[in-house]
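The residues making up each chain are set out below.
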Amino acid sequence: MKVLFVTAESAPFAKTGGLGDVSAALPAALAAKRVGTRVIMPLYGSISEEWRSRMHFVKYIYVPLAWRNLYCGLFELKYKNIVYYFVDNEYYFKRSELYGLFDDGERFAFFSKAVVSLLPELGWEPNVLHCNDWQTALVPLYLKNSPLRDDIKTVFTIHNIEYQGRYARTLLEDVFDLPSYYYNRGTLEFNGDLNLMKGAIEISDAVTTVSPTYAAELEFGFYARGLEGVITSHRDKVTGILNGIDMDSLDPEVDPNLIENFGAESLEGKTANKLELQKLLGLIVSPDIPLVAMVSRLVEHKGMDLVEGALDSIMDMDLQFAVVGRGDWRFEQLFKSAQRSYAGRFAASIVYNEMLAMRVYAGADIFLMPSRSEPCGLSQMIAMRYGTVPVVRETGGLKDTVKPYDPETGEGNGFTFPRINCHDMVESLGKAVRLYRDDRSTWRSLQKRGMSADFGWASSAQQYLSIYRTITGVK
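I will try to describe carefully the structure that is included in this document. (Residues numbered from 1 in each chain as written. Predicted model: local features only at pLDDT ≥ 70, side-chain atom pairs only at ≥ 80, totals over all residues. Heavy atoms only, no water.)

### A word on the overall build of the protein
Then, in step 1: Looking only at helices and strands, the protein has 20 helices and 18 strands in total.
Then, in step 2: A compact globule built from 475 residues should have a C-alpha radius of gyration of about 23 Å, and the protein, at 23 Å, falls within 12% of that.
Then, in step 3: In terms of overall dimensions, the protein has a C-alpha envelope of 65 × 45 × 45 Å along the principal axes.
Then, in step 4: Relative to its 475 residues, the protein shows a buried fraction of 59%.
Then, in step 5: Excluding contacts between residues fewer than 6 apart, the proportion of contacts in the protein whose partners are at least 24 apart in sequence is 70%.
Then, in step 6: About 19200 Å² of surface is accessible on the protein, with carbon and sulfur atoms providing 48% of the total.
Then, in step 7: Separation of charge centres in the protein, based on 51 positive and 59 negative side chains, amounts to 2 Å. (Helix = DSSP H or I, 4+ residues; strand = E, 2+ residues; numbered from the N terminus. Rg over C-alpha atoms; globule rule 2.2 N^0.38 Å. Buried < 20%, exposed > 50% of the residue type's maximum accessible area, 1.4 Å probe, protein only. Contact = heavy atoms within 4.5 Å. Areas by Shrake-Rupley, 256 points an atom, 1.4 Å probe, with all protein chains shown as cover. Lys, Arg positive; Asp, Glu negative; His and termini not counted. Charge placed at Lys NZ, Arg CZ, Asp CG, Glu CD.)

Written out as structure tokens, the structure is:
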């Protein structure tokens, strides 16, 4: 089995979020199962010279995209036994940001067309193209229009359906270089516009989402953002597979970011990390005050409006609260104001810093994730790995990974609430705070349960391999 993983980002070369982590970890997990896995992504201007110096120039071709004939360079680098291909075109990819630019549709149409055009040039023939999110959604369509269409199968993974790649109908022929029948037959048509993600769902041989619960939720309009009918009509080829985390690098026993390493059987080191984090953030230094944390994008989608509506009630619990992240101005200002109002008890770090984030995971007692929807979520898994007990809303991957603590049986690994409202969130957070204060023995058992759980990629990689085998017939 040979799989080419097609992605807009992959750590450590370029990363803006969870897709970058998945695009590094899943190919490695597949390779460990003796799947011939390679990764292809754009050669962004932000990729450091250190990485570029290790790349090997393979060749260049010209990629036709409607009336344009575009230079396309191909570079190659082997990293952790995975071959990475980088698609070079400085006009499209030597930019200040990876996404969010006025011509993203054209940029990623070029990348998608380049992937298909480069397949005969690789000297390596994949059985499957595994595409990810809207930026690569045109790959299955371009493949259908190529002579290779019967030889290679496609898998499309929805990491977040909120970003669908919607564009005006007028771009179909001149920008995306696709015939009008893709619109007229409804493959790409969506409320009078083009919807690239819809096209990929329609055309791909298999569709996956990043957790079983999210797959089920996408049949409802609240979560699917208009594509619920498309998901439902293709439910026979939609599978939810939970993302994992890198259990080797995300290990508090060896993590170099920590002040003192610790494990499930030696939790004393976690207290040292808490005290150091309190100093770093300007909080009152005390091992006994419960420290609640969020590492998140500060947007409504992540439940920040719930925190906004309940902030005074939360702080009335006599706890400390640390927030790390960036997002909407409204929430950034809310947390900056809270830091002034609750000096010594509230810390707002309006940045995203990987080292700071890891220190928060390691030093906090409770991790709050009140997301309105969460396709998978990695933060709750990382938090548990570092002995920080999660309080989450029951949605997507949060529901699949956090099981509510039952005081009668002692089962569970965190605290959950089902409805999107402030009261339920505060009630669940209050249960966690009370348990932390009143029953440290049970609290330690929750910590150890989370730290001992297997959130690795092995099981998920096996599920992907089963899908590849089903659609290709290759064993």
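### A closer look at the layout of surface pockets
Then, in step 1: Estimated volume of the second largest pocket: approximately 260 Å³.
Then, in step 2: Forming the walls of the second largest pocket are 14 residues, and the residues nearest its centre are L267, T271, Y436, R440 and Q447.
Then, in step 3: Contributing elements (two or more residues each) for the lining of the second largest pocket: α12 (268–281) and α19 (440–452).
Then, in step 4: In terms of residue class, the lining of the second largest pocket is made up of four nonpolar, three polar and seven charged. (1 Å grid on protein atoms, 1.4 Å probe; cavity = no way out; pocket = protein on both sides within 12 Å on 5 of 7 lines; lining within 4 Å. Points joined across faces, edges and corners; volume = space filled by probe spheres on them. Nonpolar A, V, L, I, M, F, W, Y, C, P; charged D, E, K, R; others polar.)

### Remarks on the pairing of strand β17 (residues 389–393)
Within a regular strand, the side chains alternate between the two sheet faces.
Then, in step 1: Burial runs high along β17: five of the five residues are buried.
Then, in step 2: Of the two faces of β17, the one carrying V389, V391 and R393 and the one carrying P390 and V392 are both buried.
Then, in step 3: Of the strand pairs in this sheet, strand β16 (residues 366–369) and β17 are connected by four bridges, and their pairing is parallel. Paired with L368 across the bridge in β17 is V391.
Then, in step 4: Taking the sense of rotation as the criterion, the β-α-β connection linking β16, helix α16 (residues 379–385) and β17 turns out right-handed.
Then, in step 5: For β17 and strand β18 (residues 415–417), the ladder comprises three bridges, and the chain directions are parallel. Pairing of R393 across the sheet is with F417, part of β18. (Pairing = 2+ DSSP bridges. Right-handed = clockwise from strand over helix to strand, strands pointing away.)

### Focus: the sheet that holds strand β13 (residues 291–295)
Then, in step 1: As summarised here, the arrangement of the six strands in space is β15-β14-β13-β16-β17-β18, forming an open sheet in which the pairing is parallel. Whereas interior strands pair on both sides, the edge strands pair on one side only; in this sheet they are β15 (346–349) and β18. Along the sheet, successive strands turn relative to each other by an average axial angle of 15°, direction set aside.
Then, in step 2: Sheet contacts for helix α13 (residues 304–315): β13, β14 (320–324), β15, β16 and β18; angle to β14, the most-contacted strand, approximately 155°. (Axes fitted to C-alpha atoms, helices over the stretch in contact; angles between N-to-C directions.)

### Overview of the side chain of S428
Then, in step 1: Mapped onto the secondary structure, S428 falls in helix α18 (residues 422–438).
Then, in step 2: Excluding residues within four positions of it along the chain, S428 makes contact with V391, F415, T416 and F417.

### A few points about the pattern of salt bridges
Should their charged atoms come close, side chains of opposite charge can pair.
Then, in step 1: This model, assessed by the stated rule, comprises 19 salt bridges.
Then, in step 2: Taken together, the salt bridges that share partners define one network made up of K15, D21 and E354. (Salt bridge = Lys/Arg side-chain N within 4 Å of Asp/Glu carboxyl O.)

### Quick word on the sheet that holds strand β12 (residues 238–240)
Adjacent strands of a sheet pair through backbone hydrogen bonds, lying either parallel or antiparallel.
Then, in step 1: Here we have nine strands laid out as an open sheet, ordered β3-β4-β5-β2-β1-β6-β7-β11-β12, and mixed in their pairing. In this open sheet, the two edge strands, each paired with only one partner strand, are β3 (56–65) and β12. Averaged over all pairs of adjacent strands, the angle between strand axes in this sheet comes to 25°, irrespective of strand direction.
Then, in step 2: As paired elements, strand β4 (residues 68–79) and strand β5 (residues 82–88) share seven bridges and run antiparallel to each other. Bridging from a neighbouring strand, Y79 pairs with I82 of β5.

### Things to note about unusual backbone geometry
Then, in step 1: That bond from A11 to P12 is cis: its omega, 5°, falls within 30 degrees of zero.
Then, in step 2: With respect to the secondary-structure elements, P12 resides in the loop between β1 (2–6) and α1 (18–32).
Then, in step 3: In this model, A66 sits at a positive phi of 55°, which is unusual for a non-glycine residue.
Then, in step 4: You can see A66 is positioned in the loop between β3 and β4.

### A closer look at the nonpolar core
Then, in step 1: Counting residues in hydrophobic clusters, the biggest one holds 100 residues, and the most contacted among them are L4, F86, F110 and F176.
Then, in step 2: Ranked by the residues each element gives to this core, the list is headed by helix α4 (residues 104–118), at eight residues.
Then, in step 3: Dropping the residues within four chain positions of it, F86 is found in contact with F13, M41, P42, L43, I47, M55, G73, L74, F75 and L77. (Core = buried A, V, L, I, M, F, W, Y, C linked by side-chain atoms within 4.5 Å.)

### Regarding a nonpolar patch on the surface
Then, in step 1: There is a patch of nonpolar side chains on the surface, built from F57, Y60 and Y62 and spanning about 330 Å² of accessible area.
Then, in step 2: By secondary structure assignment, the location of Y62 is in strand β3.
Then, in step 3: Residue Y62 is classed as partly exposed on the basis of its relative accessible area of 47%. (Patch = residues over 30% accessible without salt bridge, like charges linked within 9 Å, V, L, I, M, F, W, Y side chains within 5 Å.)

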